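A structural walkthrough
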Amino acid sequence: MPTNKLSLSKLLFDSGLSKKELLDALPLLKVSGEVIGDELEVEVTPDRPDLLGQKGLSKALRAYFTGSDEKLKTNIEPIKVIQDEGTFKQRGYFQGFFVNSVTLDYDDIKRLMGLQEILHRSFCRDRSKASIGIHDAEGISEIRYTVVKGDSLKFVPLGDSREMTPKEILSLTDKGTKYGSLVKDDEFLILVSNKGVMSMPPIINSAYTQVSPSTKKLFVDVEGSDARSVDLITGVMIREMSGYGTISRVMLRKPEGEVLIPQLPEKNYELSVASVSKKLGLSLTGDKVAEALSRMGHCTNLLGEKLDVFTPYYRFDVMGEVDLVEDVMMGLGLKEIVPSIPNTYTIGRRSAVTSLRDKIRERLANLGYVEISMTLLSDKNLQSTVYGKNPINVKNPVSSSYDSLREGLLPDLLQALFLNKKKRMPLKLFEVGPVITKGEGQAIQKITAAAAISDYSVSVEDIQGDLLNVAKRLRLNLNVRPKDLPFAIPGRSAVFDSGWIAEVSPEILLKFNYEFPVVAFEFTATTQFKIDIIQ
């Protein structure tokens, strides 16, 4: 889970709590903390990135103990911000805002930059989905987000004293070397103002917009390829930056017209007091539920036995009634919920499916494979790249990485190999997990097992013995017969009654940016259930 180091003394001052009260209060917000000198190292759950920052956490603590959150007030900045059409080919989602009347010291800057990098590593997926820029905006009257060629201009990158072209930055700076793969072809994204280049997203900022204690006005931009990630990070940054100054939104001029950014929408839900009481096993009044929700940052209107709940812009984790019920529980405090012994008595035991999965996992682990565990939700592009057909799509996915149901485990294994390709060879990975396949108007959930070996030189003969070993443990009759598969080298694959074995095609491997040969097998361990597909 994401962690960050905050100033303990400033957190105590901002929240108005004693050290003991602060440490006792953190678990009430699902935050764990450890004091190290004058710093508090906090660890937050992935659903609350707004609690990672110095100001975000202190605001949440104040709301919890005062019973209400501070309302965000924004202005509209008259400065012109323009997004050119060329940016949509790469990282077309753009948000930005100004922070006026800023008061910063060196420690504040350190905490802000630390938060920026933590968000980059975690929620921005190492800048691949989104990236953040924080700039000194003094004297800026116009900003343009555009695309340039690699040798068309020069600027001084942050942390250096030499002017460089965008191409030179990729090879001559640490950030350029690390994130250069995010640049497509010879088209470089540039954020430029009337005073010069501000940054080259998502690689590096310009030296002239470096933030210092004398900075009185900031411009914060968030751009990326994934709309939800950009919006989430923007909400987190506004929540944090509003603790340092006054937020001003801007009119963004795009090819199709002007739009006010960021939008900062509040989500609205209707919540039944009776439903909350039933789910928590408590007898609650509407006022009690409203008070608990207010402590968690929500605004409420009590309408008889129902509550009209308005969820703030930074609470991306709230998606429905159950999330609000959880917030009611947290707002009340666990001390309000008294444990009780259930009236029924049962004895738990492993299901047959779990026992079967454990047999396969134990055998593959004993053969030297390392287990990975991925989600049933997958990236449609990865699935179709390997299997050559579209999987079952997810309606309203939270991200493009989870927009379909996986129909096989090979794409996840190839992705894991890519992420670990700097490790010592050979790499031997496996997974045992659920997949969903289509058939005769039905979606069929199966438990499948897959394993892969990658080395400088490897062939199907290197893995077939492991397949036979697992089959013997499960008493499977393979009945192997040659068959070309769309993701395999021609003549180097075969199928059997419940699966396949193959040498993966180099063309497929290159689409995963993986350069070493791979052999793999996959088989169905059991079918769990079938359900009709509604067209």
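Higher on the page you've got the structure.
The notes below deal with the structure included here. Every chain's residues receive numbers from 1 upward, in the order its sequence appears when written. Given that this is a predicted model, residues contribute local features only at a pLDDT of at least 70 and side-chain atom pairs are listed and counted only at 80 or more, while totals for whole chains, interfaces and linings are drawn from all residues. Values shown for side chains rest on all heavy atoms present in the structure; no hydrogens or waters enter the calculation.

1. Remarks on unusual backbone geometry
Our working definition: Helix and strand definitions here come from DSSP, where helices need a minimum of 4 consecutive H or I residues and strands a minimum of 2 consecutive E residues; each element is numbered from the N-terminal end.
Residue Pro262 is bonded to the preceding Ile261 through a cis peptide linkage, with omega at -15°. If you trace the backbone, Pro262 turns up in the loop between strand S13 (257-261) and strand S14 (267-272). With an omega of -5°, the peptide bond running from Met425 to Pro426 counts as cis. Relative to the helices and strands, Pro426 is located in the loop between helix H13 (410-419) and strand S21 (427-439). Of note in this structure, Lys30 is not a glycine but carries a positive phi near 60°. As for its placement among the helices and strands, Lys30 is situated in the loop between helix H2 (19-25) and strand S2 (31-36). Even without being a glycine, Leu264 presents a positive backbone phi close to 55°. Inspection of the secondary structure puts Leu264 in the loop between S13 and S14.

2. Observations concerning the packing of helix H9 (residues 286-295) against helix H10 (residues 321-332)
Formally: A fitted line through C-alpha atoms serves as each axis, taken over the contacting stretch for helices, and the angle formed by two N-to-C directions is quoted from 0 to 180°. Any angle between 65 and 115 degrees counts as roughly perpendicular, while under 35 counts as roughly parallel, over 145 as roughly antiparallel, and the rest as oblique. Note on contacts: a residue pair is in contact if any heavy atoms of the two residues lie within 4.5 Å. In this classification, the charged set is Asp, Glu, Lys and Arg, the nonpolar set is Ala, Val, Leu, Ile, Met, Phe, Trp, Tyr, Cys and Pro, and all remaining amino acids, among them Gly, are polar.
Two elements in contact, H9 and H10, have axes whose closest approach is 8 Å; the angle formed by their N-to-C orientations is 90°. By the criterion of interaxial angle, the relationship of H9 to H10 is roughly perpendicular. Note on element contacts: H10 touches H9 through Leu324, Asp327, Val328, Gly331 and Leu332, opposite Lys288, Val289, Ala292, Leu293 and Arg295. By residue class, the composition of the contact of H9 with H10 is 6 nonpolar, 1 polar and 3 charged.

3. Side note on the sheet that holds strand S20 (residues 404-405)
The line we're drawing: Strands qualify as paired when DSSP identifies two bridges or more between them.
With antiparallel pairing, the 3 strands of this open sheet are ordered in space as S18-S20-S19. Because the sheet does not close on itself, it has two edges, and the strands there are strand S18 (377-378) and strand S19 (392-393). Looking at chain direction, S19 and S20 are connected through 2 bridges and run antiparallel. When the bridges of S20 are listed, Ile392 appears paired with Leu405.

4. As for the layout of surface pockets
Unfilled space is identified by rolling a water-sized probe across the atoms. This is how the line gets drawn: Cavities and pockets are found on a 1 Å grid laid over the protein atoms alone: a cavity is a set of points where a 1.4 Å probe fits but cannot escape, a pocket is an open set with protein on both sides within 12 Å along at least five of seven lines, and a lining residue has an atom within 4 Å of such a point. Grid points are joined across faces, edges and corners, and a volume is the space filled by probe spheres set on the points. Annotation comment: domain bounds sourced from an automatic or database domain assignment.
Volume-wise, the largest pocket comes out at about 1700 Å³. Along its surface, the largest pocket is lined by 36 residues, and Arg125, Ser128, Gln415, Phe418 and Leu419 are the ones closest to its centre. Secondary-structure elements contributing two or more residues to the lining of the largest pocket are helix H6 (174-179), S18, helix H12 (380-387) and H13. Here the lining of the largest pocket gets 4 residues from one element, more than from any other, and that element is H13. Partitioned by chemical class, the residues of the lining of the largest pocket number 9 nonpolar, 12 polar and 15 charged. Among the domains, domain 2 (74-261) and domain 4 (352-532) are the pair contributing at least three residues each to the lining of the largest pocket.

5. Examining the nonpolar core
Rule in force here: Throughout, nonpolar core names a set of buried Ala, Val, Leu, Ile, Met, Phe, Trp, Tyr and Cys residues whose side chains join them through atoms within 4.5 Å. Only protein chains enter the accessibility calculation, which uses a 1.4 Å probe. A residue is then buried if its area is under 20% of the maximum for its type, exposed if over 50%, and partly exposed in between.
Among the nonpolar cores identified, the biggest contains 50 residues, and Leu29, Leu57, Leu119, Ile233, Met237 and Met241 are the most heavily contacted of them. Per-element accounting of this core gives the leading share, 7 residues, to helix H7 (residues 227-241). Apart from residues no more than four positions distant in its own chain, Leu29 is found in contact with Leu51, Leu57, Ala60, Leu61, Tyr64, Met296 and Met330. Within the second largest apolar cluster, 28 residues are counted, among which are Ala416, Ala452, Trp500 and Ile508.

6. So, the packing of aromatic side chains
Note the threshold: Stacked, tilted and edge-to-face are the three classes applied to pairs of Phe, Tyr and Trp rings, where Trp contributes its six-membered ring and a pair requires centres within 6.5 Å; stacked means planes under 30 degrees apart, edge-to-face means over 60, and tilted covers the rest. Either the NZ atom of lysine or the CZ atom of arginine qualifies as a charge over a ring when it sits within 6 Å of the ring centre and within 35 degrees of the ring normal.
Taken as a whole and judged by the stated rule, the model has 9 aromatic pairs. Ring centres of Phe98 and Phe219 lie 4.8 Å apart, and the angle between their planes is 55°; this geometry places the pair in the tilted category. Of the two residues, Phe98 is situated in strand S5 (residues 93-100) and Phe219 in strand S11 (residues 218-224); the sequence distance between them amounts to 121 residues. Residue Phe98 shares its accessibility class with Phe219, and that shared class is buried. Their ring planes at 80° and their centres at 5.6 Å tell us that Tyr456 and Phe516 sit as a pair that is edge-to-face. In this pair, Tyr456 sits in the loop between strand S22 (442-454) and helix H14 (461-474) while Phe516 sits in the loop between helix H15 (506-511) and strand S26 (518-532), placing the two residues 60 residues apart along the sequence. Its relative accessible area of 61% is what places Tyr456 among the exposed residues. One aromatic cluster in this structure is built from Tyr387, Phe487 and Trp500. Cation over ring: Lys428 sits above Tyr369, and NZ or CZ is 4.6 Å from the ring centre.

These results come straight from atomic positions and should not be treated as a statement about function.
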